[in-house]
Amino acid sequence: MSNSLVKFPLSMRILHWAMALLLLSLIMAGATMVKSLEPWQFTLLFWHKSFGVLAALLVMVRLVIKWRSASVPLPSDISRWQAFAARASHGLLYVLMLAIPLSGLAMQYFGARPISVFELFTIPAAFIADIRLYGLFREFHGYAVLLLIALLLLHIGGALHHHFIRKDGVLKSML
């Protein structure tokens, strides 16, 4: 079956690619921050937190649009395990896209660090730091990002497999 004429709604396609760039930027910024103690790290941390909050909001918008839109069907000739893997990996991507910024928020909350979001508003923090919970959410945040990177590589590999090997239009449905 060819999906070349079936496309996701424009809003989903725009959010998909905007979030791809946003997540890649957040991952790169996060990796840079943990390896540096340069003076610019605090500026990068401010932007990382602000865009992390934006990412969480965009995921919620994306989920609403996804639930309200018709889904593009998978090719009918893929195996049952591949269909399961596609659905499971997409579900896990959404879980991680929510869990990572929420764990970042929890980390900052328990670190007694309020979050200024683009200097428009501030998300409050605990009055007294709880280093145990701060550490727990920091560890979760880091490991969840590593899992997200692995899933993103799998997602990209699957899209390229559909485009170049199967030539079934799956990638084109998101372009």
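Anything mentioned here points back to the structure above.
About the cut-offs
- Residues numbered from 1 in each chain as written.
- Predicted model: local features only at pLDDT ≥ 70, side-chain atom pairs only at ≥ 80, totals over all residues.
- Heavy atoms only, no water.
- Helix = DSSP H or I, 4+ residues; strand = E, 2+ residues; numbered from the N terminus.
- Buried < 20%, exposed > 50% of the residue type's maximum accessible area, 1.4 Å probe, protein only.
- Areas by Shrake-Rupley, 256 points an atom, 1.4 Å probe, with all protein chains shown as cover.
- Lys, Arg positive; Asp, Glu negative; His and termini not counted.
- Charge placed at Lys NZ, Arg CZ, Asp CG, Glu CD.
- Phe/Tyr/Trp six-rings, centres within 6.5 Å; stacked < 30°, edge-to-face > 60°.
- Expected span 1.5 Å × (residues − 1).
- Contact = heavy atoms within 4.5 Å.
- 1 Å grid on protein atoms, 1.4 Å probe; cavity = no way out; pocket = protein on both sides within 12 Å on 5 of 7 lines; lining within 4 Å.
- Points joined across faces, edges and corners; volume = space filled by probe spheres on them.
- Nonpolar A, V, L, I, M, F, W, Y, C, P; charged D, E, K, R; others polar.
- Salt bridge = Lys/Arg side-chain N within 4 Å of Asp/Glu carboxyl O.

K.L.:
Describe the overall build of the protein chain, with residues and values.
P.N.:
Within the protein chain one finds 4 helices and 2 strands. Dimensions of the protein chain along its principal axes, counting C-alpha atoms only, are 60 × 30 × 25 Å. Looking at the protein chain as a whole, 37% of its 175 residues are labelled buried. When the accessible surface of the protein chain is split by element, carbon and sulfur atoms take 73% of a total near 11,100 Å². Looking at charge distribution, the protein chain has the averaged site of its 15 positive side-chain charges lying 11 Å from that of its 6 negative ones.

K.L.:
Which residues make up unusual backbone geometry, and what are the values?
P.N.:
Notably, Ala 112 is not glycine yet its phi reads approximately 60 degrees, a positive angle. Tracing the chain through its elements places Ala 112 in the loop between helix H3 (80–110) and strand S1 (115–117). Even without glycine at this site, Phe 118 takes up a positive phi of about 55 degrees. Its place among the elements puts Phe 118 in the loop between S1 and strand S2 (121–123).

K.L.:
Would you mind going over the packing of aromatic side chains in detail, with residue names and values included?
P.N.:
Following the criterion strictly, the structure yields 6 aromatic pairs and no others. Ring centres of Phe 51 and Phe 118 lie 4.9 Å apart, and the angle between their planes is 85 degrees; this geometry places the pair in the edge-to-face category. Remark: Phe 118 occurs in the loop between S1 and S2 and Phe 51 occurs in helix H2 (residues 41–68); sequence separation between them is 67 residues. For Phe 51, a relative accessible area of 30% translates into the label partly exposed. When the centroid spacing of 5.1 Å and the interplanar angle of 90 degrees are considered together, the rings of Tyr 109 and Phe 110 count as edge-to-face.

K.L.:
Summarise helix H1 (residues 10–34); cite the residues concerned and give the values.
P.N.:
When the terminal C-alpha atoms of H1 are compared, their 36 Å separation across 25 residues agrees well with the 36 Å that a helix rising 1.5 Å per residue should span. Buried residues of H1: Met 12, Arg 13, Leu 15, His 16, Met 19, Leu 22, Leu 23, Leu 26, Ile 27, Ala 29, Gly 30 and Met 33, and no others. Summarising the contacts, the buried residues of H1 are in contact with H2, H3 and helix H4 (131–166).

K.L.:
Hey, could you go over the environment of Leu 45 for me, with residue numbers and the actual values?
P.N.:
On the secondary structure map, Leu 45 appears in helix H2. A relative accessible area of 25% places Leu 45 in the partly exposed class. Along the sequence, Leu 45 and Gly 30 sit 15 residues apart, while their C-alpha atoms lie 8.1 Å from each other.

K.L.:
So what's going on with the layout of surface pockets? Residues and values would help.
P.N.:
Approximately 1,400 Å³ is the volume attributed to the largest pocket. Considering the residues around the largest pocket, the lining is formed by 46 residues, among which Ser 89, His 90, Leu 93, His 155 and Ala 159 are closest to the centre. Among the secondary structure elements, those contributing two or more residues to the lining of the largest pocket are H1, H2, H3 and H4. For the lining of the largest pocket, the element with the most residues is H4, which contributes 12 residues. Residue composition of the lining of the largest pocket, by class: 30 nonpolar, 12 polar and 4 charged. Put simply, the second largest pocket is a space of about 1,000 Å³.

K.L.:
I'd like to hear about the side chain of Arg 13, residue by residue, with values.
P.N.:
Within the secondary structure layout, Arg 13 lies in helix H1. Despite its burial, Arg 13 pairs with no opposite charge; the closest candidate is Asp 168, at 15 Å N-O. Setting aside chain neighbours within four positions, we find Arg 13 in contact with Lys 7, Phe 8, Ser 173, Met 174 and Leu 175.

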